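Close look at the chain arrangement
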Amino acid sequence: MRKTAKKLIIIMIIILTGSAAVFSSDTLGEEIPEISFKNDPASQWSFELNTEENLITFSHPEYSDYYFEVDCDGTVSDGHYMGITPVVKGVRMETKFFYNMAPFLYPVLDPTVHRIEKISIKSDNAKDVENKGDFLRVRFEGGTYRMLRPVGGDDKLYMEAAFWFAKDGLYIFVNGLYYILPSMNNTEISLITRGEERKRTITPSSEASLEYFDDVTEINVADGVFGSIDIMTYINRLQLQVHQNSGTSGFELDLDHSFKDRGQKEILSKIFMAF
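To start, this report covers the structure provided alongside it. (Residues numbered from 1 in each chain as written. Predicted model: local features only at pLDDT ≥ 70, side-chain atom pairs only at ≥ 80, totals over all residues. Heavy atoms only, no water.)

This part covers the overall build of the protein. Scanning the protein from N- to C-terminus turns up two helices and 22 strands. Looking at the protein as a whole, 55% of its 275 residues are labelled buried. For the protein, the proportion of contacts with a sequence separation of at least 24, taken over those separated by at least 6, is 59%. With an accessible surface of roughly 12000 Å², the protein has 48% of that area assigned to carbon and sulfur atoms. (Helix = DSSP H or I, 4+ residues; strand = E, 2+ residues; numbered from the N terminus. Buried < 20%, exposed > 50% of the residue type's maximum accessible area, 1.4 Å probe, protein only. Contact = heavy atoms within 4.5 Å. Areas by Shrake-Rupley, 256 points an atom, 1.4 Å probe, with all protein chains shown as cover.)

In structure tokens, the structure reads:
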């Protein structure tokens, strides 16, 4: 693991202090979010907290090739942005962004004003018909929709991710507004936008670009580092942005323009990675 966890957390609430996360070379200098944990006794998920590194690691004992890291602070102390980094068979799903490391799932929407106030970790062995399974849920919350649009309203912005292992692979259900950050290592991406397939290939030599795709229902990523990633979703407007500088090795699937430009407050995506 990137950092050695020191405490096993079962049911407790912890408040940490330090720097807030930002997705830029600057920092807001705010306090670290309030972090809470809740464990379902019927769940097999376990999670650990490293208080020195402000890092939470969670895993499932039946799938030892996988673990997941939740970075709870900004880049000042460790050069790593806030968010969730899956680690699959030793491959860390993270990339460089402006000379710092960025996680695959990134919850901060505006680095100048968006502060995550709460992070909740919850294991949940759900028994109802539609959601049966042993889930680990992570929720980031802070700021309001008014930050993105003057008439956005005062409901809290959030990103929530639920992790679940099935017979065929790992599913990550993500809701709210967020970024997904694949690598630029010869990655092929295909999108279904308004019923039509569009394809792009992103490499380290790709020129900087900014594109928008409307009514996106499917995204298939053949990542040169992370492998195959299939995403079922409904995004009113997807922004695909490629940066070109020596300190960046990933590109952005930016979902907050679906709200900024189309008013869609929540985007539910089902991310699948086969074993």
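As a further point, take unusual backbone geometry. Located in the positive-phi region is F98, a residue other than glycine, with phi close to 55°. Summarising the element assignment, F98 is placed in the loop between β9 (94–97) and β10 (100–103). Unusually for a residue other than glycine, R194 sits at a positive phi of about 55°. Secondary-structure assignment places R194 in the loop between β17 (187–193) and β18 (196–202).

Glancing now at the pattern of salt bridges. According to the stated counting rule, one finds 15 salt bridges in the structure shown. Its salt-bridge partner being E69, residue R92 comes within 2.7 Å of it at the nearest N-O pair. Placement of R92 in strand β8 (residues 91–92) and of E69 in strand β6 (residues 66–71) is noted, with a sequence separation of 23 residues between them. For the pair R92 and E69, a shared accessibility class is recorded, and that class is buried. As a salt-bridge pair, R237 and D261 come within 3.6 Å of each other at their nearest N and O atoms. Of this pair, R237 sits in strand β20 (residues 227–242) while D261 sits in helix α2 (residues 257–262); the two residues are 24 residues apart in sequence, bridging distant segments of the chain. Residues joined in a network through salt bridges with shared partners are R194, D214, D215, R237, D261 and R262. (Salt bridge = Lys/Arg side-chain N within 4 Å of Asp/Glu carboxyl O.)

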